[in-house]
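# Working through the structure, step by step
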Amino acid sequence: MNSKNIENKSIRLAFAETLFELAVKNPHLFVVNMGMRPSLYLDKFALRFKSRFIECGVAESNAAAVAAGLAATGKTVFLTTFACFSPSLNWAVIKQSICYNQKNIKIVGFHAGLMSGDLGATHQMLEDVALMRALPTMEVFAPLDAVEMVKMLPIIAHSSRPAYLRLPRISTPTIFPSKLSFTIGKSQILSAGKDVTILGYGPVLTQLFAPDFKKYSLEIINCSSLKPLDSETILKSIKKTGRCLVIEDHQKNGGLGDAVANLILSSGQKCKFLHLGVNDSFGQSALNYFDLYHHYGLSPLNIIQSLKSLLSKK
Amino acid sequence: MILLPAQKSHSLAPLSRQLRLDILDMINTAGGGHIGGSFSSIDILISLYNSGVFNFDKDHFILSAGHLCPALYAVLAYQGKIPREELLTYAQFGSRLQGHASLDTPGVEYASGSLGQGLSFSAGLALGDKNRHIVCLTTDGEHNEGQVWEAIAFANKYHQGNLINIVDCNGYQLGGSTRDIMPLDELASKYLHFGWTVTTVDGHNFYDLEKALKKAKSSTIYPACIIAKTVMGRGVSFMENKFEYHDVKKLPEDIYLAAKNELQKY
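Since this is a predicted model, take the numbers as computed values, not measurements.

Conventions we followed
Residues numbered from 1 in each chain as written. Chains lettered and ligands numbered in written order. Predicted model: local features only at pLDDT ≥ 70, side-chain atom pairs only at ≥ 80, totals over all residues. Helix = DSSP H or I, 4+ residues; strand = E, 2+ residues; numbered from the N terminus. Rg over C-alpha atoms; globule rule 2.2 N^0.38 Å. Buried ≥ 20, exposed ≤ 12 C-beta atoms within 10 Å, placed from the backbone. Contact = placed C-beta atoms within 7 Å. Nonpolar A, V, L, I, M, F, W, Y, C, P; charged D, E, K, R; others polar. Axes fitted to C-alpha atoms, helices over the stretch in contact; angles between N-to-C directions. Parallel < 35°, antiparallel > 145°, perpendicular 65-115°, else oblique. Left-handed = near helix turned anticlockwise from the far one by under 90°. Pairing = 2+ DSSP bridges. Domains from an automatic or database assignment. Right-handed = clockwise from strand over helix to strand, strands pointing away. Core = buried A, V, L, I, M, F, W, Y, C linked by C-beta atoms within 7 Å. Expected span 1.5 Å × (residues − 1).

On to the overall build of chain B, then. Per the secondary structure count, chain B includes 9 helices and 9 strands. Against the globule reference of 18 Å for 266 residues, chain B gives a C-alpha radius of gyration of 17 Å, in line with a compact fold. C-alpha extents for chain B along the principal axes are approximately 50 × 35 × 35 Å. Counting only residues that meet the buried cut, chain B has 52% of its 266 residues in that class. Counting only contacts in chain B whose residues sit at least 6 apart along the sequence, the fraction spanning at least 24 positions is 77%.

Next comes the structure, spelled out in structure tokens:
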């Protein structure tokens, strides 16, 4: 992949535009929103589909159960705000009114991860994957980039199961090959290699396509379907490389790394394993997310250190 | 207000006695359950399902306070939705009658237990199914939950004339009286200020309940609140207004027999 041609695009804008297109085709598609409309690029949707844009204000618990009630009447419902408010303030409502009541809601958490930058610890949602993975029946997805977002959204909208969709704030490199498709429960091998299996989700993974990584033979796997997780592809790759590095813009606790470590141990396969993520600490403000990635151990430099460590050990 | 005894001349009075006995046996067989609120809310449920004001094959009934499920199970058994003998499986392993209302039970439309969510769910239903009425049953203690107030504001914003919230106001919750725990003084006035219509009734009087349901159903723009003044543990004198009977463990034999004896004369 030629890094010079990589274009930066906004995943949340891609979400909003794709959702609008879906709503044109599906008159039963509703948005239940929680007060953050301009930041979510949903103005156009709200204007065009006024009766299908339900504004609850910053009342996340009510909104989650309103969405569930609406879904009970056969609507396709997207529940939208920042990830630090939903799915977090309303987690017990999601558990009872959505999951336990078998209601098909698509929860969309914007501004997830350290990429929300200047907003600081309260707004850098680093626990959402853990919270949503733990809920029975809930599926969890995080697009790599704007290209995958466009491919992913119609499939998630069509699915009959509740889902959580994790979106970052800023524009990020578009890496996802146009010939690849998105399938629930499947991950994609973005680059084939033999020495180290790299697993991750979201834009943090796009760092691996910088020239500095060219000298390594890396098998980079995009785990955008976090739950259900593609254990077959992951284990097959690890069998080949014998080394695994999981990287995530999320707490290490309860994230993809935990899921993969469990998968590997349960399979009986042997593998060298390292996990990069936020290690039991809060985020903080920074004008540039690179500073945060470096501080929390997610930058290209940290990744190279981990690769060296994995490759040196015998 | 002064609570009048349930009017014995009403045709639903014998049912009120029979279903109270069913609730007692259900909870006693299970070795525990939420008996106080089941006795305070049972007449509301009987009125809802038997007055003919609503048809819950089309309209929606949402039990927000899932711990009142023994009362709902007794009514659903009477409706023929579940066999009456199944009531005695309540809360046991493998039973369709869970310890809090769940979708396993035929006739239950919303699974609840964590308080404060049912009114929001009802408001969502009211948006999606505008041609039907949605009746939600909450409790006074449940109004501790902030989410209830979020839903009250929401229903006003969307002019949900097809939404009705009945509040079983028995004055008690698990930890004591609602007045001590978190006072709700002037609840009717609060609903009014939030843009709802409000009717306050004796929640054990079938004439009043039916009248209030009809009035609430006739509202077209405003969501309707029925504040049903009830007695916790109603029907068993030593359980009435005793918060210790919010949730009981296995009743001692003499207590069970004394309660049964009183209910047979109710």
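The next subject is the overall build of chain A. Looking only at helices and strands, chain A has 10 helices and 14 strands in total. The C-alpha extent of chain A, read off along each of the three principal axes, is 60 × 40 × 40 Å. The buried share among the 314 residues of chain A stands at 53%. Considering only residue pairs separated by 6 or more positions, chain A has 77% of its internal contacts joining residues 24 or more positions apart.

Listed as interface residues are 20 residues of chain B and, on the opposing side, 21 residues of chain A. Elements with a contribution of two residues or more to the side of chain B that touches chain A: α4 (118–128) and α5 (146–157) of chain B. The element best represented in the side of chain B that touches chain A is α4 of chain B, accounting for 8 residues. For the side of chain B that touches chain A, the residue count by class is 9 nonpolar, 9 polar and 2 charged.

Where helix α3 (residues 60–71) of chain A contacts α4 of chain B, the two axes come as close as 6 Å, and the packing angle between them is 45°. Here α4 of chain B runs oblique to α3 of chain A, going by the angle between their axes. The way α3 of chain A lies across α4 of chain B gives a crossing that is right-handed. Contacts between α3 of chain A and α4 of chain B involve N62, A65, V66, A67, A68, G69 and L70 of chain A on the former and, on the latter, S120, F121, S122, A123, G124, L125, L127 and G128 of chain B. Grouping the constituent residues of the contact of α3 of chain A with α4 of chain B by class yields 9 nonpolar, 6 polar and no charged.

Here the focus is the sheet that holds strand β2 (residues 60–63) of chain B. All names here are of chain B. Reading across the sheet, the 5 strands line up as β2-β3-β4-β8-β7 and stay open at both edges, with parallel pairing between neighbours. Looking along the sheet, the strands with just one partner apiece sit at the ends: β2 and β7 (197–202). This sheet shows a mean twist of 20° between the axes of neighbouring strands, independent of strand direction. Two elements, strand β4 (residues 163–169) and strand β8 (residues 224–229), share 6 bridges in a ladder whose sense is parallel. Bridged to I166 within β8 is I226. Packed onto the sheet, helix α8 (residues 206–218) meets β4, β7 and β8 and runs at close to 170° relative to β7.

For any two helices packed against each other, one specifies the inter-axial angle together with the distance between the axes. Residue and element names in this part refer to chain A. In the contact formed by α3 and helix α4 (residues 91–100), the axes pass within 9 Å of each other and the chain directions differ by 10°. Taken together, the axes of α3 and α4 are roughly parallel relative to one another. In this structure, α3 contributes S61, A64, A65 and A68 to the contact, and α4 contributes V93, I94, S97 and I98. Here the contact of α3 with α4 is built from residues that sort into 6 nonpolar, 2 polar and no charged.

Note: interface size is frequently given as the accessible area lost on complex formation between the parts. Residues and elements named next belong to chain A. Assigned domains of chain A: these are domain 1 (3–173) and domain 2 (188–312). Taken over C-alpha atoms, the centre of domain 1 sits 25 Å from the centre of domain 2. Contacts between the two partners involve 30 residues from domain 1, matched on the other side by 33 residues from domain 2. Listing elements by their share of the side of domain 1 that touches domain 2, those giving two or more residues are α5 (128–133), β6 (139–141), α6 (146–158) and β8 (171–173). Each residue belonging to the side of domain 1 that touches domain 2 can be placed in one class, and the counts come to 17 nonpolar, 6 polar and 7 charged.

Our focus in this paragraph is the sheet that holds β6 of chain A. All names here are of chain A. Pairing is mixed in the open sheet, where 7 strands are placed in the order β3-β2-β4-β5-β7-β6-β12. Each of the sheet's edge strands pairs with one partner strand only, and the pair in question is β3 (53–55) and β12 (225–227). Going across the sheet, the axis of each strand differs from the next one's by a mean of 20°, ignoring polarity. In the sheet, β6 pairs with β12 via 2 bridges, with the strands oriented antiparallel. From the neighbouring strand, V140 faces β12, where its bridge partner is K227.

Residues and elements named next belong to chain A. Strand direction decides the pairing type here: strand β13 (residues 243–251) and strand β14 (residues 272–278), joined by 6 bridges, are parallel. From the neighbouring strand, Q251 faces β14, where its bridge partner is V278. You can see the chain leave β13, run along helix α8 (residues 256–267) and come back into β14, and the turn it takes is right-handed.

Ranked by size, the top nonpolar core spans 178 residues in total, and within it V32 and A67 of chain A together with Y73 of chain B carry the most contacts. Per-domain counts for this core show at least three residues from each of domain 1 (3–173) and domain 2 (188–312) of chain A. With residues up to four places along the chain from it excluded, the contact list for V32 of chain A reads I54, C56, A63, V66, A67, L70, V77 and L79 of chain A.

Next up on the list: the pairing of β2 of chain B. Consecutive residues of a regular strand have side chains that alternate between opposite faces of the sheet. All names here are of chain B. Here β2 shows no split at all, with H60 and I62 on one side and F61 and L63 on the other all buried. Sheet analysis places β2 next to strand β3 (residues 134–139), joined by 4 bridges and oriented parallel. Following the sheet pairing, F61 is matched in β3 by V135.

For α5 of chain B, spanning 12 residues, the distance from its first C-alpha to its last is 17 Å, which sits close to the expected 16 Å at 1.5 Å a residue. Residues Q147, V148, E150, A151, I152, F154 and A155 of chain B constitute the buried set of α5 of chain B. Packing partners of the buried residues in α5 of chain B comprise α3 of chain A together with α4, β3, β4 and α7 (187–193) of chain B. The first or second residue beyond α5 of chain B is H159 of chain B, which carries a positive phi of 50°.

All names here are of chain A. The amide bond that connects S86 to the next residue, P87, takes the cis arrangement and shows omega of 20°. Examined against the element boundaries, P87 turns out to sit in the loop between β4 (76–82) and α4. A positive phi angle, near 55°, is found at D280, a position not held by glycine. Summarising the element assignment, D280 is placed in the loop between β14 and α9 (289–295).

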